[in-house]
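Breakdown of the fold
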Amino acid sequence: DVVLLLKSGYLLKRGGYNTAFRSRWFVLSSDFKLRYYTDDTASAVYKGEIDLRAVDRLRDSGGSSSKGSVVCFDRDIVLSMRDSRQGRVWRLQATDAAEAQLWVELLVQLVAAGTGMAEKEPPDERSA
């Protein structure tokens, strides 16, 4: 299968153990992976990845859930993941709200495609 690059750019990532935000180069690809590196140079060090197949719910209604969600607050992006070992909340931050919204739109589209879930569209008035 061909893997397509969907988006790349710098985001701040909050660590799981060291809770400081660190700048990372993120690469979103069509294989449902959000990979991150130290920077965008040829000598960048691979730091890890987020498997978006672990997100199986697009929006969180605010209630607790064992499923995952993609949520955007201003320039913050929160990915809540379900995992067979344990849940993980990934906290990312874009340079501004508009950039965060671009990332979230792509993440939601990719998650929807991978899970067969589409965001609910309002009914077409012409078919009523």
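A short tour of the structure in this document, coming up. Computed from a predicted model, the values in this text were never measured in an experiment.

So, the side chain of Lys-13
- Inspection of the secondary structure puts Lys-13 in strand E1 (residues 5–14).
- This buried residue, Lys-13, is left without a salt bridge; Glu-49 holds the nearest opposite charge, at 13 Å.
- Contact partners of Lys-13, with chain neighbours within four places excluded, come to Ala-20, Phe-21, Arg-22, Arg-24, Phe-26, Tyr-36, Arg-88, Trp-90, Arg-91 and Leu-92.

What to know about the packing of aromatic side chains
- The full count for this structure, using the stated rule, is four aromatic pairs.
- On the numbers, 5.7 Å between centres and 65 degrees between planes, the contact of Tyr-37 with Tyr-46 is edge-to-face.
- Through successive ring pairs, a cluster of aromatic residues spans Phe-26, Tyr-36 and Trp-90.

What about the nonpolar core?
- Phe-26, Leu-34, Ile-50, Leu-52, Ile-77, Leu-79 and Leu-107 are the most contacted members of the largest nonpolar core, which has 21 residues in total.
- Listed by contribution, the elements that provide at least two residues to this core are strand E2 (21–29), strand E3 (33–37), strand E6 (76–81), strand E7 (88–93) and helix H1 (97–115).
- Excluding residues within four positions of it along the chain, Leu-107 makes contact with Leu-28, Leu-34, Leu-52, Val-70, Ile-77 and Leu-79.

Considerations on the pattern of salt bridges
- Here the structure, examined in full by the defined rule, presents six salt bridges.
- A salt bridge links Asp-31 to Arg-35; its shortest N-O distance comes to 2.8 Å.
- Salt-bridge contacts for Arg-53 lead to Asp-51; the nearest nitrogen and oxygen are separated by 3.0 Å.
- The class for Arg-53 is partly exposed, based on a relative accessible area of 44%.
- On the basis of relative accessibility, which here comes to 27%, the residue Asp-51 falls in the partly exposed class.
- Three or more residues joined by partner-sharing salt bridges are found here, namely Asp-31, Lys-33, Arg-35, Glu-49, Asp-51 and Arg-53.

Procedures and definitions
Residues numbered from 1 in each chain as written. Predicted model: local features only at pLDDT ≥ 70, side-chain atom pairs only at ≥ 80, totals over all residues. Heavy atoms only, no water. Helix = DSSP H or I, 4+ residues; strand = E, 2+ residues; numbered from the N terminus. Buried < 20%, exposed > 50% of the residue type's maximum accessible area, 1.4 Å probe, protein only. Lys, Arg positive; Asp, Glu negative; His and termini not counted. Salt bridge = Lys/Arg side-chain N within 4 Å of Asp/Glu carboxyl O. Contact = heavy atoms within 4.5 Å. Phe/Tyr/Trp six-rings, centres within 6.5 Å; stacked < 30°, edge-to-face > 60°. Core = buried A, V, L, I, M, F, W, Y, C linked by side-chain atoms within 4.5 Å.

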